[in-house]
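# Observations on chain architecture
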Amino acid sequence: MSAVPIPVHISKPKPFVLYTAGTPNGRKVSVFLEELRAVYGEKVDYDVEKIDISRNVQKEPWFINLNPNGRIPVLVDRARDDFVVFETAAILLYLEQHYDPERKLGFDPVLQPNDYSEMLQWMLWAHGGVGPMQGQANHFNRAAPVDIPYAKKRYILETKRLYGVMEIRLTDRDYLAGPGRGVYSAADINVFPWIRVHQFAGIESLDEWPSLQMWFDRIEAREAVQNGLAIP
């Protein structure tokens with residue numbers, strides 16, 4: 001059994017520890033943190049502990065103590081008594097609640113209740129749809145021990161259907177939630193890393209969804225996004 005990895009600090013500990021891996025779910029959180037760092041600096045700085053999911057490190061007892069579901073990512077908030085948050089959408093909403101006072105990546109639930117609700121709707125839609133369905137497409141196209149054409153077709157078609165839902169929403173809009181053409185927010189960050197790996201799922205291009213493609217290009221061009229995608 002591996003011991004809990006404890007980062008060594010010479011100076012003051014950073015506010016967070018992010019246990020993560022180079023997956024779409026892991027990169028949702030690193031992108032969000034990098035966007036926050038671009039605004040608030042060291043207040044949202046963090047240590048990174050890379051979890052080797054190929055060796056099932058996330059199933060070891062020390063990790064299960066952090067997240068009983070045995071999945072990455074997990075965020076530990078040192079600034080709030082080592083409070084632990086798991087599930088990507090929950091982590092993004094937690095960070096937005098506690099560490100984005102200017103609402104640069106979200107909306108005030110009291111002052112902007114409709115915009116806030118839209119953000120939640122699109123986050124939960126992606127959390128229950130794009131991630132699981134595209135994840136199954138990834139599995140049956142890349143990792144299944146036997147070739148099951150029905151499963152491959154089913155999950156690719158469902159992923160494409162979900163991309164079509166985003167295409168409908170993004171027609172004449174720049175972002176998923178917010179007034180007018182939309183405002184860049186947690187709703188976009190929560191689904192962007194999945195769209196980024198569409199080829200891995202067997203979807204060669206986004207040409208079929210031009211508004212989705214423009215949305216993707218717009219987000220990918222952000223410096224903080226590129227920084228977040230480089231982690232771990």
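Here, every reference points to the structure presented above.
Computed from a predicted model, the values in this text were never measured in an experiment. (Residues numbered from 1 in each chain as written. Predicted model: local features only at pLDDT ≥ 70, side-chain atom pairs only at ≥ 80, totals over all residues. Heavy atoms only, no water.)

### Observations regarding the sheet that holds strand 3 (residues 74–77)
Judged by pairing direction, the sheet is mixed, and its 4 strands sit side by side in the order 2-1-3-4 without closing on themselves. Across the chains shown, the open sheet's two edge strands, defined by having one partner strand only, are strand 2 (46–50) and strand 4 (83–86). Taking the axes of each pair of neighbouring strands and ignoring which way they run, one obtains an average angle of 20° across the sheet. Where strand 3 lies against strand 4, 4 bridges are found, and the strand directions are antiparallel. Directly across from Leu75, in strand 4, lies its bridge partner Val85. (Pairing = 2+ DSSP bridges. Helix = DSSP H or I, 4+ residues; strand = E, 2+ residues; numbered from the N terminus. Axes fitted to C-alpha atoms, helices over the stretch in contact; angles between N-to-C directions.)

### Section: the packing of helix 4 (residues 113–128) against helix 5 (residues 130–142)
At their nearest, the axes of helix 4 and helix 5 sit 3 Å apart, and the two run at 25° to each other. Relative to helix 5, the element helix 4 is oriented roughly parallel. Where helix 4 approaches helix 5, its residues Trp125, Ala126, His127 and Gly128 are matched on the opposing element by Val130, Gly131 and Pro132. For the contact of helix 4 with helix 5, the residue count by class is 4 nonpolar, 3 polar and no charged. (Parallel < 35°, antiparallel > 145°, perpendicular 65-115°, else oblique. Contact = heavy atoms within 4.5 Å. Nonpolar A, V, L, I, M, F, W, Y, C, P; charged D, E, K, R; others polar.)

### Quick word on unusual backbone geometry
That bond from Ile72 to Pro73 is cis: its omega, 0°, falls within 30 degrees of zero. Locating Pro73 in the fold gives a position in the loop between helix 2 (61–66) and strand 3. Cis peptide bonds are those with omega within 30 degrees of zero, and the linkage from Ile231 to Pro232 qualifies with 0°. Even without a glycine there, the phi angle at Asp81 is positive, about 60°. Of note, Asp81 is situated in the loop between strand 3 and strand 4. Not every positive phi belongs to a glycine, and Arg103 is a case in point at roughly 55°. With respect to the secondary-structure elements, Arg103 resides in the loop between helix 3 (88–99) and helix 4. Judged by its relative accessible area of 25%, Arg103 falls in the partly exposed class. (Buried < 20%, exposed > 50% of the residue type's maximum accessible area, 1.4 Å probe, protein only.)

### Regarding helix 6 (residues 149–170)
The terminal C-alpha atoms of helix 6, which comprises 22 residues, lie 31 Å apart, in line with the 32 Å expected from a rise of 1.5 Å per residue. Buried within helix 6 we find Ala151, Tyr155, Ile156, Thr159, Leu162, Tyr163, Gly164, Met166, Glu167 and Leu170. Buried positions along helix 6 lie against helix 4, helix 5, helix 8 (192–196) and helix 9 (210–220). Among the residues trailing helix 6, Asp172 stands out with phi positive, at a value near 65°. (Expected span 1.5 Å × (residues − 1).)

### Details of the side chain of Glu167
Secondary-structure assignment places Glu167 in helix 6. For the buried Glu167, no salt bridge exists, and the shortest N-O distance to an oppositely charged side chain is 10 Å, to Arg218. Reaching out from Glu167, the side chain makes a polar contact with the backbone nitrogen of Leu212 at a distance of 2.9 Å. In this structure, Glu167 is in contact with Trp209, Pro210, Ser211 and Leu212, ignoring residues within four places of it in sequence. (Lys, Arg positive; Asp, Glu negative; His and termini not counted. Salt bridge = Lys/Arg side-chain N within 4 Å of Asp/Glu carboxyl O. Polar contact = N/O pair within 3.5 Å; in protein donor to acceptor, adjacent residues only side chain to side chain.)

### Regarding the packing of aromatic side chains
This model, assessed by the stated rule, comprises 11 aromatic pairs. Consider the rings of Phe83 and Tyr94, whose centres lie 5.6 Å apart with planes at 20°: the pair is stacked. Note that Phe83 is positioned in strand 4 and Tyr94 in helix 3, a separation of 11 residues in sequence. Using a relative accessible area of 41% as the deciding quantity, one classes Phe83 as partly exposed. Overall, the relative accessible area of 7% leaves Tyr94 in the buried class. (Phe/Tyr/Trp six-rings, centres within 6.5 Å; stacked < 30°, edge-to-face > 60°.)

### Looking at the pattern of salt bridges
Applying the stated rule across the entire model yields 12 salt bridges. We note a salt bridge from Glu96 to Arg103, for which the minimum N-O separation is 3.8 Å. Using a relative accessible area of 3% as the deciding quantity, one classes Glu96 as buried. With a shortest N-O distance of 2.9 Å, Arg161 and Glu158 are connected by a salt bridge. Here Arg161 and its partner Glu158 are both found in helix 6, 3 residues apart, which amounts to about one turn of the helix. One network of salt bridges, with partners in common, ties together Lys14, Asp47 and Arg78.

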